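Take a look at the letters that make up each chain.
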Amino acid sequence: MTTPELFRSPHSQPTHPLEPLTVAEVEAAVAIIRREKNVSNQFRFPCVTLHEPPKAEVLSFQPGDAIDRQAFLILLDNATGNTYEAIVSLTRQQGVSWTHIPNVQPNIMPDELVECEAAVKAHPEFVKAINKRGITDLALVVVDPWAIGNFGFEDEKGIRLSRCLCYLRATPDGNFYARPIDGLVPVVDLNTMQVLRIEDLGVVPIPPEPSEYGEKFASEMRQDIKLLQITQPQGTSFQVDGHHIRWQKWDLRVGFTPREGLVLYQVGYEDQGQEQGKVRPILYRASMAEMVVPYGDPRVQHFRKNAFDLGEHGVGVLANSLTLGCDCVGEIHYFDGVLTNSRGEVSVTENAICLHEEDYGMLWKHTDWRIDAVEVRRSRRLVLSFIATVDNYEYGFFWYFYQDGTIQYEIKLTGILLCGALSDFPKFGTVVAPELNAINHQHFFGMRLDFDIDGVNNSVYEVNSEAEPMGETNPYGNAFFAKSELLETERSAQRIVNPLSARYWKVVNPAVHNRLGQPVGYKIIPGENVLPFAHPDSPILNRARFMTKHLWVTPYEASERYPAGDYPNQHPGGEGLPKWTAADRPIADRDVVVWYVFGHHHIPRPEDHPVMPTAYSGFMLKPVGFFTANPALDVPPSQQGCCS
Ligand code: NI
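Everything quoted here is computed from the prediction, not taken from an experiment. (Residues numbered from 1 in each chain as written. Predicted model: local features only at pLDDT ≥ 70, side-chain atom pairs only at ≥ 80, totals over all residues. Heavy atoms only, no water.)

Draft legend 1. Broad picture of the overall build of the chain. The number of helices and strands found in the chain is eight helices and 30 strands. Counting every position in the chain, which comprises 644 residues, the buried fraction comes to 53%. Restricting the contact set of the chain to residue pairs at least 6 apart, pairs at least 24 apart contribute 66%. Carbon and sulfur atoms make up 52% of the accessible area of the chain, which amounts to about 28,200 Å² in all. In the chain, which carries 57 positive and 80 negative side-chain charges, the distance between the mean positions of the two groups comes to 2 Å. (Helix = DSSP H or I, 4+ residues; strand = E, 2+ residues; numbered from the N terminus. Buried < 20%, exposed > 50% of the residue type's maximum accessible area, 1.4 Å probe, protein only. Contact = heavy atoms within 4.5 Å. Areas by Shrake-Rupley, 256 points an atom, 1.4 Å probe, with all protein chains shown as cover. Lys, Arg positive; Asp, Glu negative; His and termini not counted. Charge placed at Lys NZ, Arg CZ, Asp CG, Glu CD.)

Structure below.
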């Protein structure tokens, strides 16, 4: 099923302050700033997105209230290299602010990648270096611009730079990532698109195998797969109005930003025990706010490989247009992503966000064999997802909502390994094909979770299970208990996982208690996790210090959005969570933001080549005392009489 036109119309007037900007609003925002600031063609637009109204305003908003719609823009002047932030009122059709942000580099835009590759391939010195390697067909060469990072080199300060990796396709439509031209590194000024230098580290043989994965290259496909169809003849159980979603008792809004992609707003649950129709708030805003992929090979060709996929690029900008039957199966509702290209022209990614329901096996069951009574319920989950292609990797970003009040976040990692040619020894990677070394790396995901559990003021506890010492209170040595400790300040809330004490963190509203006298809350249950292996003094840890803790808690501050700072591209570091939390502000019983960081450790396997089977990584948010009993008791059996 495709989305009804009603929901897709980009020109309808937004009726809620958190509705993403429409096509007309994006066009107006760019036009207003062009007019007022005399913005020339030398400017690029790294970001045009909704400027979210103050939280208090949104919380007190009633349908029909007047909304001052505002846009937030980042502009880059290619002529001077200056970066500006602007806020524009769309309601009043005028600029609100215009600020020069010194010494930063905004994210690299897709247009820049295309222009940079063309500039390198047109450069005579590059052609000479390619020819030296016995390559004559430039059409088979791929130049892949990467963020250069910041390693303190004087000649890289203050210039918008890209350092390119080069590859050679075996055929015009073949996989290039398996054939790196190592030893050849063009460095480009992205403001002028001038090739500054071609680093030639010496000729390294190109791995010989084409390593194709496309259907057209397959010699045979398995023949024993029968059709599996998912149908919902009565339609879906969710309702969508603009970007507002209702599904059973869940109530939430979705947004979409160039940097974060999918954003959740005002996630709540209608509790049957409460006032009928009253939605109890859980999260005000939730998004993946930064991700960093540090690679572990120290050699000149490879040590700079550290991707900040949000701050240096933007996973909203890189979101795929999803296809029914391939990316998503069943009865789907899609939301488009309204973005701009680097010149400020509207660019709509159709079907960027997928919304659908999935059967999820068993919700709960019990058999009383004495009276031959069976009660079983099937679980169903609501899925909100998008997929971004960040260079060689694909990341699926999935939120799941369950009927028992659980929220799950899962990253699906697939795509192609980043490899080097095997020039000496494979210590820092895995040989995945002849002469091809897939480099060891990690993926760190930093979530920004603005909890508002039954109200704005919340507290965060760490819970560890402990054994009761053997003795008078524990004569047989079997006793253990869960010990909760309040995290009172930002520094005391910088924590790491401990699976051996079954550690979790609990966000509660200390002023709201359930009928058992417990504060209502949700717990954060870590999934797989790891710490970085980069040295504490390394440039990458200076720039992404947030990776060194799995939990951070800060008092709510609207401007504190990104764990590695607003502009990580080429930044020396020190920004974001480490900087904000240095003040060690109190965090108990107030509006708090919880930052959960999780790492996926990747020592590549031969089976990850030439395209990776999906790996999964994430965490859960589970109600703990938020309800006073299993909230899914009212889910009916899937078929009348099937289990009695
Ligand atoms: Ni990986």
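Picking up after the structure, the text goes on.
Draft legend 2. Region of interest: the packing of aromatic side chains. In the structure shown here, the tally under the stated rule is 30 aromatic pairs. Between Trp 146 and Tyr 295 the ring centres are 6.4 Å apart and the planes differ by 70°, which places this aromatic pair in the edge-to-face class. Separated by 149 residues along the polypeptide, Trp 146 in strand S5 (residues 141-147) and Tyr 295 in the loop between strand S13 (279-294) and strand S14 (306-308) bring together distant segments of the chain. With relative accessibility at 9%, the residue Trp 146 sits in the buried group. Taken together through their ring pairs, the aromatic side chains of Phe 256, Phe 386, Tyr 393, Tyr 395, Phe 397, Trp 399, Tyr 409, Phe 445, Trp 505, Tyr 596, Phe 598 and Phe 619 make up a single cluster. The aromatic ring of Tyr 562 is capped on one face by Arg 259, whose charged end is 3.6 Å from the ring centroid. (Phe/Tyr/Trp six-rings, centres within 6.5 Å; stacked < 30°, edge-to-face > 60°. Lys NZ or Arg CZ within 6 Å of the ring centre and 35° of its normal.)

Draft legend 3. The arrangement of the environment of Gln 13 in detail. Note that Gln 13 resides in the loop between helix H1 (5-8) and helix H2 (23-37). On the basis of relative accessibility, which here comes to 63%, the residue Gln 13 falls in the exposed class. For the pair Gln 13 and Gly 242, spaced 229 residues apart in the sequence, the C-alpha separation amounts to 9.9 Å.

Draft legend 4. Geometry of the coordination of the nickel ion. Surrounding the nickel ion are the protein donor atoms Tyr 393 (OH), His 441 (NE2), His 443 (NE2) and His 602 (ND1), at 1.7 to 2.0 Å. Taken together, the four donor atoms coordinating the nickel ion and their angles of 92 to 147° define a geometry best described as irregular. Donor residues binding the nickel ion come from one chain and are separated in sequence as Y-x47-H-x1-H-x158-H. With Tyr 393 in strand S18 (residues 393-402) and His 443 in strand S23 (residues 441-451), this residue pair connects regions lying 50 residues apart in the sequence. Take Tyr 393 and His 443: they sit in the same class, and that class is buried. (Donors = N, O, S within 2.8 Å, 3.2 Å for Na, K, Ca; no water. Tetrahedral: all angles 85-135°; square planar, octahedral: opposite > 155°, others 65-115°.)

Draft legend 5. Looking closely at the domain arrangement of the chain. Split into domains, the chain comes out as domain 1 (2-101), domain 2 (110-217) and domain 3 (238-623). One C-alpha centre belongs to domain 2, the other to domain 3; they are set 33 Å apart. Across the boundary between the two partners, domain 2 contributes 37 residues, which contact 37 residues of domain 3. Contact between domain 2 and domain 3 buries roughly 3,100 Å² in total, counting both sides, with carbon and sulfur atoms accounting for 57%. Linking Glu 156 and Arg 304 is a salt bridge whose minimum nitrogen-to-oxygen distance equals 2.7 Å. Elements with a minimum of two residues in the side of domain 2 that touches domain 3: helix H4 (110-121), S5, strand S6 (161-168) and strand S7 (184-189). Tallying contributions element by element places S6 first for the side of domain 2 that touches domain 3, with four residues. Of the residues in the side of domain 2 that touches domain 3, the class split is 22 nonpolar, five polar and 10 charged. (Domains from an automatic or database assignment. Buried area = accessible area lost by both parts, 1.4 Å probe. Salt bridge = Lys/Arg side-chain N within 4 Å of Asp/Glu carboxyl O. Nonpolar A, V, L, I, M, F, W, Y, C, P; charged D, E, K, R; others polar.)

Draft legend 6. Looking closely at the sheet that holds strand S20 (residues 419-421). Ordered in space as S20-S22-S21, the three strands form an open sheet in which the pairing is antiparallel. Only two strands of the sheet have a single partner each, and these edge strands are S20 and strand S21 (429-433). Between one strand and the next, the sheet's axes are offset by a mean angle of 40°, whatever the strand orientation. Both S21 and strand S22 (residues 436-439) contribute to a ladder of four bridges, which runs antiparallel. Paired with Gly 429 across the strands is Ile 439, a residue of S22. (Pairing = 2+ DSSP bridges. Axes fitted to C-alpha atoms, helices over the stretch in contact; angles between N-to-C directions.)

Draft legend 7. Quick look at a nonpolar patch on the surface. On the surface, a cluster of nonpolar side chains totalling about 290 Å² of accessible area is made up of Leu 228, Ile 230 and Val 329. Relative to the elements of secondary structure, Val 329 occurs in the loop between helix H6 (309-313) and strand S15 (333-340). (Patch = residues over 30% accessible without salt bridge, like charges linked within 9 Å, V, L, I, M, F, W, Y side chains within 5 Å.)

Draft legend 8. Just the confidence of the model for the chain, in detail. Per-residue pLDDT for the chain has a mean of 95; in total, 97% of the residues score no lower than 70. Across residues 1-11, confidence stays below pLDDT 50; counting only partners more than four residues off in sequence or on other chains, it has 19 contacts. (pLDDT = per-residue confidence, 0-100.)

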